[in-house]
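Examination of the molecular architecture
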Amino acid sequence: MINYSGTPLIDTDRLLLRPLKQSDTQSVFDHWLSDERVADNRVNAAQTSIAQTEERVKKIVIQYENKEFCYWGIELKKSGELIGEIDLYGFDSSTDNCEVSYSLGFKWWNHGYGTEALKAVVEYGFRHMDIHKISAAHNTDNPASGRIMIKVGMKQEGVIRHMIRNAKNQYKDCAVYGILREDYLS
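For clarity, every value in this text was computed on a predicted model and none was experimentally measured.

As a further point, take the nonpolar core. If you look at soluble globular proteins, the nonpolar side chains tend to sit buried side by side. Ranked by internal contacts, the top residues of the largest apolar core, which has 36 residues, are Leu88, Leu118, Ile134 and Met154. Of all the elements in the fold, those that place two or more residues in this core are strand S2 (15–18), strand S3 (70–76), strand S4 (82–92), strand S5 (97–104), helix H4 (113–127), strand S6 (133–139), helix H5 (143–151) and strand S8 (171–180). Considering every element that reaches this core, the biggest residue donor is H4, with eight residues. Residue contacts for Leu118: discarding those within four places in its chain leaves Ile86, Val100, Tyr102, Ile148, Met149, Val152 and Met154. Grouped together as the second largest cluster of nonpolar side chains are 11 residues, Val28, Leu33, Val38 and Phe69 included.

Moving on, we get to the side chain of His138. Inspection of the secondary structure puts His138 in strand S6. Among the polar contacts made by the side chain of His138, one reaches the main-chain carbonyl oxygen of Asn142 at a distance of 3.2 Å. Setting aside anything within four residues of it in sequence, one finds His138 in contact with Pro143, Ser145, Gly146, Met149, Asp173, Cys174, Ala175 and Tyr177.

Before going further, it helps to spend a moment on the side chain of Asp96. Locating Asp96 in the fold gives a position in the loop between S4 and S5. Put simply, Asp96 is tucked away with no salt bridge, and the nearest opposite charge, on Arg181, sits 8.8 Å away. A distance of 3.0 Å separates a polar atom in the side chain of Asp96 from the backbone nitrogen of Met1. Apart from the residues within four sequence positions on either side, Asp96 is in contact with Met1, Ile2, Asp130, Ile131, His132 and Lys133.

Turning our eyes to something else, we now look at the packing of aromatic side chains. Considering all chains together, one arrives at six aromatic pairs under this definition. Relative to Phe91, the ring of Tyr4 lies with its centre 5.2 Å away and its plane at 85°, an arrangement referred to as edge-to-face. You can see Tyr4 sitting in the segment before strand S1 (10–11) and its partner Phe91 sitting in strand S4, a full 87 residues away along the chain. A residue is classified by how much of its surface remains accessible, and Tyr4, at 23% relative accessible area, is partly exposed. Note on Phe126 and Tyr184: the rings are 5.4 Å apart at their centroids and 40° apart in plane angle, and the pair reads as tilted. Taken together, the positions of Phe126 in helix H4 and Tyr184 in helix H6 (residues 181–185) put the pair 58 residues apart, joining distant regions of the chain. Among the aromatic residues, ring-to-ring pairing joins Tyr64, Phe69 and Tyr71 into one connected group. The residue whose ring lies beneath Arg37 is Phe106, and the NZ or CZ to ring-centre distance is 3.8 Å.

This part covers the pattern of salt bridges. One pass over the structure, following the stated rule, counts 11 salt bridges. Between Lys77 and Asp11 there is a salt bridge, with the nearest N and O atoms lying 2.8 Å from each other. Placement of Lys77 in the loop between S3 and S4 and of Asp11 in strand S1 is noted, with a sequence separation of 66 residues between them. Residue classification places Asp11 among the exposed residues on the basis of a relative accessible area of 57%. We note a salt bridge from Asp24 to Arg18, for which the minimum N-O separation is 2.8 Å. Salt bridges sharing common partners tie together Arg18, Asp24 and Glu75.

Parameters at a glance
Residues numbered from 1 in each chain as written. Predicted model: local features only at pLDDT ≥ 70, side-chain atom pairs only at ≥ 80, totals over all residues. Heavy atoms only, no water. Core = buried A, V, L, I, M, F, W, Y, C linked by side-chain atoms within 4.5 Å. Buried < 20%, exposed > 50% of the residue type's maximum accessible area, 1.4 Å probe, protein only. Helix = DSSP H or I, 4+ residues; strand = E, 2+ residues; numbered from the N terminus. Contact = heavy atoms within 4.5 Å. Polar contact = N/O pair within 3.5 Å; in protein donor to acceptor, adjacent residues only side chain to side chain. Lys, Arg positive; Asp, Glu negative; His and termini not counted. Salt bridge = Lys/Arg side-chain N within 4 Å of Asp/Glu carboxyl O. Phe/Tyr/Trp six-rings, centres within 6.5 Å; stacked < 30°, edge-to-face > 60°. Lys NZ or Arg CZ within 6 Å of the ring centre and 35° of its normal.

Put into structure tokens, the structure is as follows:
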């Protein structure tokens, strides 16, 4: 059975994973949600107004009351900058499995922050929530995201053709990865 405890602070060497706040709206907009380079790897289009982001952050913040909601902002400890987001979702009570997704602002790609955040959330999911399996997927034209998954021990389980359709109305094949609790803890 999954042990839900909401979105606690998670501290890593360089990052603080924390709940988003309404006051983060400008950073969320500026650092990743309005950036086409980031949006190309997401289902939703880049946001074009701060009002869109304000509404999105508001919906996230309201959900923190729910203990089954696990959604972190990724903050650099050194500067306090909010650089991305990561969440556990799609919880299945019959299997104790879930999925993880993440986005980082372009400026912070290729610095190891994605790996550090994903490793911390996977660790939290297995050691504190008793999750059985965590899965993730990435567009096959974004292999860097797959490398992040591999670095935390996830294994590619296949490719699903035309798994998503992005905001540009393009179908995208996605590589699917997973990691089992027993493999992670061994």
